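# Descriptive analysis of the structure
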Amino acid sequence: MKEVKLPKDFLLGSATAATQIEGGDMNSNWYYWSLKGRIANNESSIVATDHYNKVLEDIDLMKEMNHDIYRMSIEWSRIEPKEGILSKEGIRHYQREVKLLLDAGIKPLITLHHFSHPQWFEDMGQWTNKNSVKYFLRFVKVVVKALGPYVNEYCTINEPNVFLNDTFMDGKYPPGKNSDVLSYFKASRNLILAHLRSYKMIHRIRKEMGYTDTAVGFAMHLTHFELGVDTPLTRLSKNFIDYSFHTLFLKGMVDGHLSFPIGNCYPLGRGRFCDFIGINYYSRHFIYPSYNPVLLFGQVRVKGNLPSECLTDLGWEIYPEGLYKVTKKVYDKYHLPIYITENGIADADDRKRTRFIYDHIAQVKMLIDDGIDVRRYYHWSLLDNLEWNEGYSPRFGLVKVNYDTLDRTIRNSGRFYGDLCKNKEVNKEMIERYF
Ligand code: FCB
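Since this is a predicted model, take the numbers as computed values, not measurements. (Residues numbered from 1 in each chain as written. Predicted model: local features only at pLDDT ≥ 70, side-chain atom pairs only at ≥ 80, totals over all residues. Heavy atoms only, no water.)

### Side note on the nonpolar core
Across soluble globular proteins, you tend to see nonpolar side chains buried next to one another. The biggest cluster of nonpolar side chains holds 135 residues, and the ones touching the most others in it are Leu12, Ile110, Leu112, Phe136, Phe139, Tyr154 and Leu420. In terms of residues, this core owes the most to one element, helix H9 (residues 181-208), which gives eleven residues. Sequence-distant contacts of Phe136, that is, excluding residues within four places in its chain, are made with Trp76, Leu112, His113, Trp127, Thr156, Ile157, Ala194 and Ser198. (Core = buried A, V, L, I, M, F, W, Y, C linked by side-chain atoms within 4.5 Å. Buried < 20%, exposed > 50% of the residue type's maximum accessible area, 1.4 Å probe, protein only. Helix = DSSP H or I, 4+ residues; strand = E, 2+ residues; numbered from the N terminus. Contact = heavy atoms within 4.5 Å.)

See below:
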């Protein structure tokens, strides 16, 4: 096993999302989704890890693991629990949280939409509503003003592609639509517009407040697609799927270009609407033939017959090389700074996570050596958490959460990661200690 040395100014930390860890919020669409029994084992977002009350304790854990950076999301329903009504308590809570992070020497990156929103927004058809962008911008404005002096970095939307797929095609996220292609594209358009307008607005508001160091981007889920069988149909299908899952959103959110089937125009003019591109990378997928046009003539699956050591607890293939491939492809196209905004593994007994981190960081190092401007790595996740409709059984944390007592324990892989954050390298001593 080789040593891996990252540049000394490379930043490392972890990522979370409000709904998955905070608990206590009864106004978000995910709370209502829990009430409908749509989360595995009838689980609920109501307690999660109680991070809302354990912010200090969790920042101590980040400190113990030598984090430089932390990516977190703001729960819209805590800021605006009822349409047009703001909660001072919610705003104060996040102001306190980001101040505490800064006091701990940890730089926050704030996600504004991470798969959740208020139930009142859900009730009006969420992102398919023609006024959805307007409502979102009103919320963003409140947040950016409130966090003014403390936060200069924002991630507008998390994984528009996965969110829309699981919401309108796969029935997993509220409102649980299946194969609703029309809503999928309507909402895609609105999400892209929400990003473009937020990008402009955040820059403008912060400039008016006298700050010039603003950075705005979004977090894009990228997977590496391969052909399960090589036929003309699967080749065509791979192009369709790659286009509608990746290209449509990248073109839209980076270049401001709405393209087929959601338009053919630059609604805010030509330009760049990202200061960095966030990449969430987990796995690769294979495309097998299908005659279903709604699936774009392809079934997307994990490669068959993989031995269990190659799979995570969720059955996702562990494929570190994919991180190199997807990142290089995006960088070669856009030449923008890259943050790896998520990468991690469901691994309850922590037998694979240390190696997983090592192998993915080795790919990051290769990217940097090849001239790709990768600047940060946020591990998913700080804590075990609510894996959306899958519930609490997938364990993604560097820190283990005991859901009976809510006690936290840093896993062995968390110790390894803490040393990596501190040293910016995996050195001989760490290899001996952890492998
Ligand atoms: C990503 C999500 C994140 C988490 C990980 C495992 O798609 O952005 O919230 O659920 O997957």
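Moving on from the coordinates now.
### Considering the side chain of Ser87
Take Ser87: it is sitting in the loop between helix H4 (76-79) and helix H5 (88-103). Judged by its relative accessible area of 17%, Ser87 is buried.

### Structural notes on the environment of Cys274
Turning to its location among the elements, Cys274 is positioned in the loop between helix H10 (232-255) and strand S7 (276-289). It is 9.9 Å that separates the C-alpha atoms of Cys274 and Thr156, two residues lying 118 residues apart in sequence. Setting aside anything within four residues of it in sequence, one finds Cys274 in contact with His195, Tyr199, Val216, Gly217, Phe218, Met253, Val254 and Leu336.

### Thoughts on the layout of surface pockets
When its volume is computed, the largest pocket comes out at roughly 1300 Å³. In this structure, the largest pocket is lined by 47 residues; those nearest its centre are Val162, Asn165, Asp166, Asp170 and Phe245. Of all the secondary structure elements, the ones that give two or more residues to the lining of the largest pocket are helix H8 (160-169), H9, strand S6 (215-227), H10, S7 and strand S8 (298-301). Ranked by the residues each element gives to the lining of the largest pocket, the list is headed by H10, at five residues. Partitioning the lining of the largest pocket into residue classes produces 26 nonpolar, 13 polar and eight charged. In this model, the second largest pocket occupies a volume close to 340 Å³. Every element with two or more residues in the lining of the second largest pocket is listed here: S6, H10 and helix H11 (321-334). (1 Å grid on protein atoms, 1.4 Å probe; cavity = no way out; pocket = protein on both sides within 12 Å on 5 of 7 lines; lining within 4 Å. Points joined across faces, edges and corners; volume = space filled by probe spheres on them. Nonpolar A, V, L, I, M, F, W, Y, C, P; charged D, E, K, R; others polar.)

### Focus on the pairing of strand S10 (residues 374-380)
Across a regular strand the side chains alternate sides, sitting on one face of the sheet and then on the other. Here S10 lies mainly inside the structure; six of its seven residues are buried. By the bridge criterion, five bridges tie strand S2 (residues 11-15) to S10 in an arrangement that is parallel. Looking across to S10, one finds that Leu11 is bridged to Arg376. Here strand S9 (residues 338-342) runs beside S10; their pairing, made up of three bridges, is parallel. Paired with Ile338 across the bridge in S10 is Val374. Considered for its hand, the β-α-β crossover made up of S9, helix H12 (residues 353-369) and S10 is right-handed. (Pairing = 2+ DSSP bridges. Right-handed = clockwise from strand over helix to strand, strands pointing away.)

### Thoughts on empty space enclosed by the protein
All chains considered together, the criterion is met by three cavities of 30 Å³ or more. The volume enclosed by the largest cavity comes to roughly 50 Å³. Of the residues in the lining of the largest cavity, the class split is one nonpolar, four polar and four charged. The computed volume of the second largest cavity comes to approximately 40 Å³.

### Remarks on the site of the ligand
If you check the shell around the ligand, you find Gln20, His114, Phe115, Asn158, Glu159, Tyr282, Glu342, Trp380, Glu387, Trp388 and Phe396 and nothing else. Separating an oxygen atom of the ligand from a side-chain N or O atom of Glu387 is a distance of 2.6 Å. Taking 290 Å² as the accessible area of the ligand by itself, protein coverage stands at 96%. The cavity where the ligand resides is the largest pocket. For the shell around the ligand, the per-class residue count stands at five nonpolar, three polar and three charged. (Near = heavy atom within 4 Å. Polar contact = N/O pair within 3.5 Å; in protein donor to acceptor, adjacent residues only side chain to side chain. Areas by Shrake-Rupley, 256 points an atom, 1.4 Å probe, with all protein chains shown as cover. Sits in = over half its atoms within 2 Å of the grid points.)

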